[in-house]
Structure formats: structure tokens, C-alpha cells
Amino acid sequence: APWHLMMSLTPSRRCLLDLPWEDILVPHILCHLPLQQLLSLQRVSKSFQALIQLYLANMRCFDSSQIGPAIPRAAFVNLLKDNEVLQHLALQNCSDWLTDRELLPVIGQNHHLHQIQLKGCAQLSRHALVAISLSCPNLRQLSLAHCEWVDSLSLRSLADHCKALEAVDLTACRQLKDEAICYLVQKCSRLKSLSLAVNANVGDLAVEETAKCCPELEHLDLTGCLRVKNDSIRVLAEYCPKLRSLKVKHCHNVAESSLSILRSRGVELDVEPPLQRALVLLQDVVGFAPFINLQI
């Protein structure tokens, strides 16, 4: 803890703050402390306050969950006002108050962001996604889960400017339809992970285009996509040899006839083989058919 280190240095007439700030304290000591403790250190003295401000200005990763269940609006604005080097921004604990007014200045001054997590930030608008697309050309991972303000125009802007994207979470972005997803995957062919879960507007067209445009795809979440059918799953199996996991729970039009190909390749599926298949295997093993209705 910084308190113990400071006290241990005091008897020799040296103080923790005598160590080089930018070369030692910030990159080698403060980076190992929880953000909440660092903020508490600001109250020790004006020198500690200046040190923590220097740390915040050079912080590469900001995760609001490290501060606690909720972070005040004013605290968020103050913490990031001088930072221009962020690479990872996670704001899932700010949904009660986070609007474009607070987010856009942070996005506008941080052009090196690789990961942005906005899950559940329902009070933002499409302007937030446009700002991200224009300011973050090197973006790799983006979570917009449960952000129903995401529309086709803002997603097109993202696709046009962030072509290095590897992971996108569009869970419950219910404004999006097949055409918007198709445009995204056509522009962002490096995608390895994509979630289209809980979207009744997504169907076979989006899944097939994703399969054909994204040969590196490893994870696809189609949970609750009621319009997805067997044909697109077969296309997925044909065009995505690197697929490792597929979620199709509650996709009532997807059956084992299309999933069996992926299952045989070792792809992790979130639905078990149907009872009928298990009973057929049992018959093959023991040589008789149990008296169970197979038309379940």
C-alpha cells in the first residue's frame, strides 16, 4: 500500500514523492493500485493530488467498475478531462447519467482507443457512435449491447471508418435490420466475434453475408434471432472454417440438421443434441428401440 511505502521512506528523510514521477511512480507503482485507492490518495496533500492528476492524464485504461457500483457525473468528467492517450474505455456502470455531453469530449480527444465498452448506456444517441467512428480509426472491440439508439446510419459510419474492428456486440440493438448488418460485415471483414442476439429483425440474409465476408469469424451469437433458419447456418458452416462457438438458443427455426455439421467439427453450441438423436444412438448401441415417442 502507498501509505506503508511512504512511511518506510520517511525515517531516511526521503518521501515517496521524491521518486521520479513519470519514470517510476506512474508506470511502475501507481499502475498496480486500484483506481478507487488512487482517488483517495488525492486527499492526502496537494502534492499527491498533482501526482494522481498526472497519473490520470497518462492512464491507458479506464474502467468505471473499478470505482464502484456508480460513479458521479462530475467525477467522470474531472477524471478524464486531461487524458489524450486512452486505449481502453469501459463505461458500463455509467448508464444512469451518461449522455453525449459527457462522452463526446472524451472520445474527441482520444484517437488511440482500441476497446470501447458502452453496454447498457441507453441515454446516448447516434451521435456518440458517429463520434467514435470519426475519432477512433484503430478501434478493435466495441460493445453496444442494449443500446437501442444505434441505427443503420450510425452503424454505416462505424463500418466506413473503423475497418480494423475484430469484435462487435450489437445485442438488443433492435433498430438494426439485415441491410445494416450486411454493410458492416462487408466493410469489416476482419471480424472474429459478432453478437446479433435478441434482434427479431435479423435473419438469414445477415447471417449468410457475415459468413461470406468474415472468414476469420470465431464467435457468433444469434440468441433469440427468430428469423434465422437452417439455410444460413449451413452457409456459416461452409464459409467459416475457424468458427469456435455459435449461440442459437431460442432460434426456433434452426434444427439439428444444420447444426450437426458444426457439432461434428467441435464447434461449441449452446443447444444440446435433440432427444431423438440420443435415442437413435442408444438403439445402435444396445440393439433395441425404447418404447418412447420419438416425435417430440
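Basis of the calculations
- Residues numbered from 1 in each chain as written.
- Predicted model: local features only at pLDDT ≥ 70, side-chain atom pairs only at ≥ 80, totals over all residues.
- Heavy atoms only, no water.
- UniProt positions renumbered as here; feature names shortened; annotations may be inferred.
- Helix = DSSP H or I, 4+ residues; strand = E, 2+ residues; numbered from the N terminus.
- Buried < 20%, exposed > 50% of the residue type's maximum accessible area, 1.4 Å probe, protein only.
- Contact = heavy atoms within 4.5 Å.
- Areas by Shrake-Rupley, 256 points an atom, 1.4 Å probe, with all protein chains shown as cover.
- Core = buried A, V, L, I, M, F, W, Y, C linked by side-chain atoms within 4.5 Å.
- Pairing = 2+ DSSP bridges.
- Phe/Tyr/Trp six-rings, centres within 6.5 Å; stacked < 30°, edge-to-face > 60°.
- Lys NZ or Arg CZ within 6 Å of the ring centre and 35° of its normal.
- Polar contact = N/O pair within 3.5 Å; in protein donor to acceptor, adjacent residues only side chain to side chain.
- Salt bridge = Lys/Arg side-chain N within 4 Å of Asp/Glu carboxyl O.
- Axes fitted to C-alpha atoms, helices over the stretch in contact; angles between N-to-C directions.
- Parallel < 35°, antiparallel > 145°, perpendicular 65-115°, else oblique.

Under an unreviewed UniProt entry, the name given to the protein chain is F-box/LRR-repeat protein 15, and the organism recorded is Syrrhaptes paradoxus. UniProt, in the comment section headed Subcellular location (unreviewed entry), describes the protein chain in these words: "Cytoplasm". We quote the UniProt Sequence similarities (unreviewed entry) comment for the protein chain here in full: "Belongs to the FBXL15 family."

In terms of regular secondary structure, the protein chain is built from 13 helices and nine strands. When burial is assessed residue by residue, the protein chain has 45% of its 296 residues classed as buried. Considering only contacts within the protein chain whose residues lie at least 6 apart along the sequence, 70% involve residues at least 24 apart. Here the protein chain displays about 15100 Å² of accessible surface, and carbon together with sulfur accounts for 52% of that area.

Bringing the nonpolar core into the picture now. The nonpolar side chains of soluble globular proteins are, as a tendency, buried together. Core analysis: the largest hydrophobic core is formed by 91 residues, its most contacted members being Phe62, Leu222 and Leu246. Beyond its immediate stretch of four places on either side in the chain, Leu246 contacts Leu220, Leu222, Ile233, Leu236, Leu259, Leu262, Val267, Glu268, Leu269 and Asp270.

With that settled, the discussion passes to the sheet that holds strand β1 (residues 61-63). Strands sit in the order β1-β2-β3-β4-β5-β6-β7-β8-β9 across an open sheet of nine strands; the sheet is parallel. Lying at the two open borders of the sheet, with one neighbouring strand each, are β1 and β9 (268-269). Bridge count between strand β3 (residues 115-117) and strand β4 (residues 141-143): three bridges; the pairing is parallel. Within β4, the residue paired with Ile116 across the bridge is Leu142.

With that out of the way, let us pick up the environment of His161. Structurally, the position occupied by His161 is in helix α8 (residues 152-161). Expressed as a C-alpha distance, the spacing of His161 and Leu134, which sit 27 residues apart in the sequence, is 6.5 Å.

Take the packing of aromatic side chains next. Going through the model one piece at a time under the given rule, you end up with two aromatic pairs. A centroid spacing of 5.5 Å and a plane angle of 55 degrees characterise the contact between Phe76 and Trp97, whose relative ring orientation is tilted. Highlighted residues: Phe76 in helix α5 (residues 73-80) and Trp97 in the loop between β2 (88-90) and α6 (100-108), separated in sequence by 21 residues. Linked through ring pairs, Phe62, Phe76 and Trp97 together constitute an aromatic cluster. One Lys or Arg, Arg156, reaches over the ring of Tyr183 and ends 3.8 Å from the middle of that ring.

What follows concerns the side chain of Asn110. Mapping Asn110 onto the fold places it in the loop between α6 and β3. Relative accessible area serves as the criterion here: at 0%, Asn110 is assigned to the buried category. Engagement of the side chain of Asn110 in a polar contact is seen with the backbone oxygen of Val106, the distance being 2.9 Å. Not counting residues up to four positions away in its chain, the partners in contact with Asn110 are Asn83, Glu84, Val85, Leu86, Ser135 and Cys136.

Okay, α8 next. It helps to recall that an α-helix has 3.6 residues per turn; residues three or four apart then point in one direction. Buried within α8 we find Ser154, Leu155, Ser157, Leu158 and Ala159. Contact partners of the buried residues in α8: α7 (126-135), β4 and α9 (178-187).

Turning our eyes to something else, we now look at the pattern of salt bridges. Per the counting criterion, the structure on display carries nine salt bridges. In this structure, the salt-bridge partner of Lys242 is Glu216, at a minimum N-O distance of 2.6 Å. One end of the pair, Lys242, is in the loop between α11 (230-239) and β8 (245-247); the other, Glu216, is in the loop between α10 (204-213) and β7 (219-221), and 26 residues separate them in sequence. With relative accessibility at 41%, the residue Lys242 sits in the partly exposed group. Among the residues examined, Glu216 registers a relative accessible area of 29% and is labelled partly exposed.

Here His146, not a glycine, exhibits a phi torsion of approximately 65 degrees, which is positive. In this structure His146 comes out as partly exposed when scored by relative accessible area, which is 40%. You will see that Val198, though not glycine, has its phi angle at about 55 degrees, which is positive. The topology assignment puts Val198 in the loop between β6 (193-195) and α10.

Each packed pair of helices is defined by two parameters, the angle between the axes and the distance between the axes. Their axes nearest at 8 Å, the elements α9 and α10 cross at an angle of 5 degrees. With respect to α10, the axis of α9 lies roughly parallel. Side by side, α9 and α10 meet where Asp178, Ile181, Cys182, Val185 and Gln186 of the first sit next to Asp204, Leu205, Ala206, Glu209, Thr210 and Cys213 of the second.

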